[in-house]
Each structure stands twice: as C-alpha cells, then as structure tokens.
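Listed below are the residues making up each chain.
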Amino acid sequence: MKALGNTPRNQWRVSPERVDLVRPPVPPHIVELEIEPRTLRIDMTRTALLIIDMQNDFCHPDGWLASIGVDIAPARAPIEPLQRVLPALREAGVPVLWLNWGNRPDLLNISPALLNVYDPNGEGVGLGAPLPSNGAPVLEAGSWAAAIIDDLAVAPGDVRVDKFRMSGFWDTPLDSILRNMGVTSLLFAGVNLDQCVMCTLQDANFLGYDCILLEDCAATTSPAFCTEATLYNIQQCFGFVASATAMIAALATEGDML
C-alpha cells in the first residue's frame, strides 16, 4: 500500500482495493523536567522546539538592530544554551522549527501600522530598506538579513517557517505543520522574549498547545522589567518556564515512565 502523508505520525495507506486510515501508534518517550515549583512530565514524541527570530537582523553586529543603535548582546545570549540543547533534542527525535521574520519583497501584506513600528519617523532604516553594512533588505525573506545566524547550525530535517507579525501563527502555515506532525507540546526559544516569543507562545496557548519556555534559550533587548513581566505572565497564564540545562539533564536520566 502507498503511504499518503509527509510525516509517519499522520499517514493514510491506500491501494486500489483499500484505504487504511489507522495511524500507527507511536510509543511515548516520557521525561520528567524539573521546573519551579513542580516537576513537569512531558512526552517528547509529541513535542517540538520553536526557535524564533535567531536571525542576522536581530543577532548579528551588521544586522538591523545593531544598525539602529540597539545593544544586541542580550539577543546573542541564547546562542550558547541552544548549541547545548539542540543535539540532545535532535537525538531524542524532537522536531526543530526555525520561525524567522521574513517579509515579501513587495511588502503587500504589511500594513502602514506595522511599517510605522519599524520606521516611526519615515527617515530611518525600516522594513525592506537596505542595511547600511551590506545593503541586504531588512527582514526580507531569502535575504542575508532574515537568515539564521551562522552560530546556530540548521540540520537537514529541520523545518523553516517565515512569519510576518510578532506571532508566528498569524497568517502562516505553522499550526497546520505542527498538527500534521502530531505535536501537542511546544518548547520556546529565541528573541525577543517579550515580543515575538511571547506573542507566539500566547497564540499557541490559545490554540491548545502545551507551552514550555526554555528561559535560558530566550532573551530580549528590552529593559529588564519586560523580562520579569513576561516570565510572570507565562507562568501565571500561558504555560511553564524551564531551562535548557534542565532539559538536557532530563534527557540524560530518562527512563520508560509510563
């Protein structure tokens, strides 16, 4: 019989004589993750990692944020924890999705209200404008500006999704991809924590996903009180806060806990 579906977690099998809608069972891969103040039990076979906006315009010295005078050192803080946790998650079979801001070159789906956020005076380097350092168009899909930073290696099986708002679920195929992969729990990483990461995490919660922020894999260039408020709101309303260190430890000591 021929398999229909690009993920083994969601496939039909068909032949001229039969249609088989029974998805094969996937044995759970359960780990216990230490968070405050409780232990979190999670099935890694139904979990994916979302890495948000770890791209040149936000994290590289020649990118857009640096060009307008923003200190990007905080935006680079997630690099080292991600370098540590990515191999462990890939070894556990957890899908990795890179969610990058990447606009259409003609900006036809970007409203004046959004353009104003990035160029409020009409005289700056806004969306689609050439970067002073290398001429790459700001946050344009396919450009150097929107590319994932070289410090983080993208594996052949990773998934890339372009977004056009602070939430990665708005007007993108992200939700369809995750549901097709059988994902119900999401790990969150990237920048900026109080903006694109938080907006995406909130929408994920509204859509019914379990949301776990890897705190040491996320950061913001905003003032410290923005981080405090975001962490409070995630823990209070939208999900859980863990760390890459705790995830690595959980994967290293896991057993078959059914």
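The structure this text deals with has already been given above.
(A) Up close: the overall build of the chain. Check the secondary structure of the chain and you find nine helices and eleven strands. Taking 258 residues into account, the globule formula puts the C-alpha radius of gyration at 18 Å, and the chain, at 19 Å, falls close to it. A principal-axis box enclosing the C-alpha atoms of the chain has dimensions of 60 × 50 × 30 Å. The buried share of the chain, reckoned over its 258 residues, is 47%. The contacts in the chain between residues at least 6 apart in sequence include a share of 68% that link residues at least 24 apart. Accessible surface computed for the chain: about 12400 Å², of which carbon and sulfur atoms make up 54%. Distance between charge centroids for the chain: 11 Å, based on 16 positive and 30 negative side chains.

(B) Summary view of the pattern of salt bridges. Under the defined criterion, the tally for this structure stands at seven salt bridges. Here E32 and R41 are joined by a salt bridge, their closest N and O atoms 4.0 Å apart. With relative accessibility at 37%, the residue E32 sits in the partly exposed group. We classify R41 as partly exposed; its relative accessible area is 45%. Across the salt bridge formed by R84 and E80, the nearest N and O atoms sit 2.8 Å from each other. Of this pair, R84 and E80 are both found in helix α4 (residues 79–91), four residues apart, which corresponds to roughly one turn of the helix. R84 gets classed as partly exposed once you look at its relative accessible area, which sits at 33%. For E80, a relative accessible area of 42% gives the class partly exposed.

(C) Representation of the packing of helix α7 (residues 193–206) against helix α8 (residues 224–238) within the structure. Where α7 meets α8, the axes come as close as 11 Å, and the angle between the chain directions of the two elements is 5 degrees. Here α8 runs roughly parallel to α7, going by the angle between their axes. Seen from α7, the contacting residues are L193, D194, M198, L201, Q202, N205 and F206; seen from α8, they are C226, T227, T230, L231, N233, I234, C237 and F238.

(D) Local environment of a nonpolar patch on the surface. A contiguous nonpolar patch, built from L4, W12, V19 and L21 and spanning about 370 Å² of accessible area, is present on the exposed surface. Position of W12 relative to the elements: it lies in strand β2 (residues 12–14).

(E) Geometry of the side chain of D194. Here D194 lies in helix α7. Here D194 sits buried without a salt bridge, and the closest side chain of opposite charge, K163, lies 12 Å off (N-O distance). Within polar-contact distance, the side chain of D194 engages the side chain of S222 at 2.8 Å. Among all residues touching D194, those that are not within four sequence positions of it are T220, S222, C226 and T230.

(F) How the structure looks around the sheet that holds strand β9 (residues 185–190). A sheet is described by the order of its strands in space; here six strands give the open sequence β8-β7-β6-β9-β10-β11, paired in parallel fashion. Because the sheet does not close on itself, it has two edges, and the strands there are β8 (159–163) and β11 (240–242). Direction aside, neighbouring strands of the sheet carry axes that sit 25 degrees apart on average. The sheet contact formed by strand β7 (residues 96–101) and β8 spans five bridges and is parallel.

Calculation criteria
- Residues numbered from 1 in each chain as written.
- Predicted model: local features only at pLDDT ≥ 70, side-chain atom pairs only at ≥ 80, totals over all residues.
- Heavy atoms only, no water.
- Helix = DSSP H or I, 4+ residues; strand = E, 2+ residues; numbered from the N terminus.
- Rg over C-alpha atoms; globule rule 2.2 N^0.38 Å.
- Buried < 20%, exposed > 50% of the residue type's maximum accessible area, 1.4 Å probe, protein only.
- Contact = heavy atoms within 4.5 Å.
- Areas by Shrake-Rupley, 256 points an atom, 1.4 Å probe, with all protein chains shown as cover.
- Lys, Arg positive; Asp, Glu negative; His and termini not counted.
- Charge placed at Lys NZ, Arg CZ, Asp CG, Glu CD.
- Salt bridge = Lys/Arg side-chain N within 4 Å of Asp/Glu carboxyl O.
- Axes fitted to C-alpha atoms, helices over the stretch in contact; angles between N-to-C directions.
- Parallel < 35°, antiparallel > 145°, perpendicular 65-115°, else oblique.
- Patch = residues over 30% accessible without salt bridge, like charges linked within 9 Å, V, L, I, M, F, W, Y side chains within 5 Å.
- Polar contact = N/O pair within 3.5 Å; in protein donor to acceptor, adjacent residues only side chain to side chain.
- Pairing = 2+ DSSP bridges.

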